[in-house]
Amino acid sequence: MTSSLLFAMPVTAQITDAKVDSLVEALRLAAPDTGMEDDGLYSDWQIKPDNIPRWSRLCIQQELTPAEFEANEAQAREVLACVMSDVLQEEYEASGSDESLAVRRAAAWWMAGDPEQYNSERISGYTQEVLQYYQQQQ
């Protein structure tokens, strides 16, 4: 007698390139306007300069300066898609496969460095705005 055991495998999120691209664009659209020309942040995404060399080295094996990053939107999108792909996947899993919550958690990671802050008074408006832009892209 042969018996087969079926093991339930966890379902992994289908985080597609299109979803990551939608998140990257939503982050761009929701980037806060500081009202200052020289605010120390770079590109349409308003990125802290310390992140740019590290992220670009990791994602495109080329360390970009903040000025180089800001000057090349296509390359910036490539780097940000690389970074946010991992973040969105992690937050999808942390959210129990709730895509809207995963996007808000990813936006909180982006803004505050802590996905648990997605519903905090300080940034919940921002995470909701990112989610709205994300949904418009879909």
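This text goes with the structure placed above it.
## Quick word on helix α4 (residues 73-94)
And step 1. Taking 1.5 Å per residue, 22 residues should reach 32 Å; α4 reaches 30 Å between its end C-alpha atoms and fits that length.
And step 2. Approximately 25 degrees is the largest bend angle found in α4, and it occurs at Met-84.
And step 3. Of the residues making up α4, those classed as buried are Gln-75, Ala-76, Val-79, Leu-80, Ala-81, Val-83, Met-84, Val-87, Leu-88, Glu-91 and Tyr-92.
And step 4. Considering only its buried residues, α4 is in contact with α1 (17-30), α2 (51-60), α3 (66-71) and α5 (99-112).
And step 5. Two or three places before Ala-74, at the start of α4, stands the capping residue Asn-72, its side-chain oxygen 3.3 Å from that residue's backbone nitrogen.
And step 6. Once α4 ends, the next one or two residues include Gly-96, with phi positive near 70 degrees.

## Focus on the packing of aromatic side chains
And step 1. Within the structure shown, the criterion is met by two aromatic pairs.
And step 2. Where Trp-55 meets Trp-109, the ring centres are 6.3 Å apart and the plane angle is 25 degrees; that geometry is what we call stacked. Linking Trp-55 in helix α2 with Trp-109 in helix α5, this pair joins segments that are 54 residues apart in sequence.
And step 3. A relative accessible area of 9% means that Trp-55 is categorised as buried.
And step 4. Pairwise contacts between aromatic rings join Trp-55, Trp-109 and Trp-110 into one cluster.

## Notes on the packing of α4 against α5
And step 1. Two elements in contact, α4 and α5, have axes separated by 8 Å at closest approach and are oriented at 125 degrees. With respect to each other, α4 and α5 are oriented oblique. The crossing of α4 and α5 is right-handed. Contacts between α4 and α5 involve Leu-80, Val-83, Met-84, Val-87, Leu-88, Glu-91, Tyr-92 and Ala-94 on the former and, on the latter, Glu-99, Ala-102, Val-103, Arg-105, Ala-106, Trp-109 and Trp-110.
And step 2. Grouping the constituent residues of the contact of α4 with α5 by class yields 12 nonpolar, no polar and three charged.

## What to know about the state of the cysteines
And step 1. In the structure shown here, the tally under the stated rule is one disulfide.
And step 2. At a sulfur-sulfur separation of 2.1 Å, the disulfide partner of Cys-59 is Cys-82. Residues Cys-59 and Cys-82 are joined by a disulfide whose S-S torsion is about -75 degrees; by sign, that bridge is left-handed. Separated by 23 residues along the polypeptide, Cys-59 in helix α2 and Cys-82 in helix α4 bring together distant segments of the chain.
And step 3. Classification of Cys-59 as buried rests on a relative accessible area of 14%.

## Topic: the pattern of salt bridges
And step 1. Within this structure, the stated rule accounts for eight salt bridges.
And step 2. Where Glu-25 meets Arg-28, a salt bridge forms, and the shortest distance between an N and an O atom there is 2.6 Å. With a gap of three residues between them, Glu-25 and Arg-28 both fall in helix α1, about one helical turn apart.
And step 3. On the basis of relative accessibility, which here comes to 13%, the residue Glu-25 falls in the buried class.
And step 4. Among the ionic pairs, Arg-77 bridges to Glu-73, the shortest N-O distance being 3.1 Å. Residue Arg-77 and its partner Glu-73 are located together in helix α4, separated by four residues, close to a single helical turn.
And step 5. We classify Glu-73 as partly exposed; its relative accessible area is 39%.
And step 6. One network of salt bridges, in which partners are shared, links Glu-25, Arg-28, Asp-44, Glu-73 and Arg-77.

Calculation rules
- Residues numbered from 1 in each chain as written.
- Predicted model: local features only at pLDDT ≥ 70, side-chain atom pairs only at ≥ 80, totals over all residues.
- Heavy atoms only, no water.
- Helix = DSSP H or I, 4+ residues; strand = E, 2+ residues; numbered from the N terminus.
- Expected span 1.5 Å × (residues − 1).
- Bend = angle between axes of the 7 residues up to and from the residue.
- Buried < 20%, exposed > 50% of the residue type's maximum accessible area, 1.4 Å probe, protein only.
- Contact = heavy atoms within 4.5 Å.
- Polar contact = N/O pair within 3.5 Å; in protein donor to acceptor, adjacent residues only side chain to side chain.
- Phe/Tyr/Trp six-rings, centres within 6.5 Å; stacked < 30°, edge-to-face > 60°.
- Axes fitted to C-alpha atoms, helices over the stretch in contact; angles between N-to-C directions.
- Parallel < 35°, antiparallel > 145°, perpendicular 65-115°, else oblique.
- Left-handed = near helix turned anticlockwise from the far one by under 90°.
- Nonpolar A, V, L, I, M, F, W, Y, C, P; charged D, E, K, R; others polar.
- Disulfide = S-S within 2.5 Å.
- Salt bridge = Lys/Arg side-chain N within 4 Å of Asp/Glu carboxyl O.

Geometric values such as these leave the question of function open.
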